[in-house]
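Structural overview
The lines below spell out each chain.
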Amino acid sequence: RLCAIYGGDVVGTGLKRVAVDPAHRAGILTHPYLLALFAYHDNTSPIHRGVFLTRNILGRMLKPPPKAVSFNDETLDPRLTMREKITLITSENACMSCHSVINPLGFSLENFDAIGRWRMSEKDKRINAKSDYMTASGNLLVLSGARDIADFAAGSPVAHGAFINAIFNHLAKQPIAAYGSNSLIDLRKGFSASLFNIKALMVEIVKLHALRDCIAPDAASPQPAG
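Every value quoted in this text rests on a predicted model; they were computed, and no experiment measured them.

If you tally the helices and strands in the protein chain, you get 10 helices and four strands. When the helices and strands of the protein chain are placed in sequence order, the string is α-α-α-α-α-β-β-β-β-α-α-α-α-α. Across its three principal axes, the protein chain shows a C-alpha extent of roughly 80 × 55 × 30 Å. The proportion of buried residues among the 226 residues of the protein chain is 34%. Here the analysis covers contacts within the protein chain between residues at least 6 apart in sequence; of these, 58% occur between residues at least 24 apart. Both charge centroids of the protein chain, one from 25 positive and one from 19 negative side chains, sit 3 Å from each other.

Structure, rendered in structure tokens:
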């Protein structure tokens, strides 16, 4: 049954290890649960997927939209692909201030349908997953799929910081800023030195959390001069 989602060919019954095409799947970014979570029940949602990637994977900030615009699929030409529809409704300059970042990332996942199955076409048109993405540092990155996003995030210090922030919040249930202005910098240095060992990072987060809780209130607060 999983072959219908991931592809591949399994002979016989029972679970078996199957290699997937690395050009198609890129770890958590292409997990069917994640792809389905940020999609409509009957179609993809490049905007929802793009916003998630922007904020949670690449660690970039997004301003709230100047006006809320709902996606009314029934008002759009049914012959249009989802990419064509999103390009149409976000074409205004006011929208593109954010959608110039969001759309390329979301379009890069258009080879995956609403539940995360690989697809090559939509509305009898070949899927176009290529986009030009301008990084936060001003470099132009050509994206053609999830693998390009994963490779970029793996080498981006900003994306590393976003990952550390997310796992810190998950473990400590508090923002990392509450533990001092240098906490993120120190954890990022240690994460890099460990060759991005997630277990080692979690140990350092737990140690930081435990040490902070052990500090006496008087020692943690500046003493008045007198």
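Having seen the model, we can carry on.
This next bit is on the packing of aromatic side chains. What the rule picks out here adds up to seven aromatic pairs. With a centroid separation of 5.3 Å and an interplanar angle of 80 degrees, the aromatic rings of F112 and W118 are classed as edge-to-face. Between F163 and F191, the aromatic rings sit 5.9 Å apart at their centres with planes inclined by 15 degrees, giving stacked as the arrangement. Residue F163 is found in helix α7 (residues 157–172), and its partner F191 is found in helix α8 (residues 183–193); the two are separated by 28 residues along the sequence. These aromatic residues form a ring-pair network of at least three members: F163, F191 and F196.

With that settled, consider the pattern of salt bridges. Taken as a whole and assessed by the stated rule, the structure comprises seven salt bridges. The shortest N-O distance in the salt bridge between K85 and D73 comes to 2.6 Å. With a gap of 12 residues between them, K85 in helix α4 (residues 82–89) and D73 in the loop between α3 (46–57) and α4 connect regions that are remote in the sequence. K85 gets classed as buried once you look at its relative accessible area, which sits at 3%.

The next point concerns the pairing of strand β4 (residues 140–143). Across four bridges, the pairing between strand β3 (residues 131–134) and β4 is antiparallel. Across the sheet, residue M134 finds its bridge partner in β4, namely L140. Linking β3 back to β4 in an antiparallel pair, the connection comprises five residues, with G138 at a positive phi of about 90 degrees.

Cut-offs used in this document
- Residues numbered from 1 in each chain as written.
- Predicted model: local features only at pLDDT ≥ 70, side-chain atom pairs only at ≥ 80, totals over all residues.
- Heavy atoms only, no water.
- Helix = DSSP H or I, 4+ residues; strand = E, 2+ residues; numbered from the N terminus.
- Buried < 20%, exposed > 50% of the residue type's maximum accessible area, 1.4 Å probe, protein only.
- Contact = heavy atoms within 4.5 Å.
- Lys, Arg positive; Asp, Glu negative; His and termini not counted.
- Charge placed at Lys NZ, Arg CZ, Asp CG, Glu CD.
- Phe/Tyr/Trp six-rings, centres within 6.5 Å; stacked < 30°, edge-to-face > 60°.
- Salt bridge = Lys/Arg side-chain N within 4 Å of Asp/Glu carboxyl O.
- Pairing = 2+ DSSP bridges.

The quantities given are spatial measurements derived from coordinates; they are silent on function.
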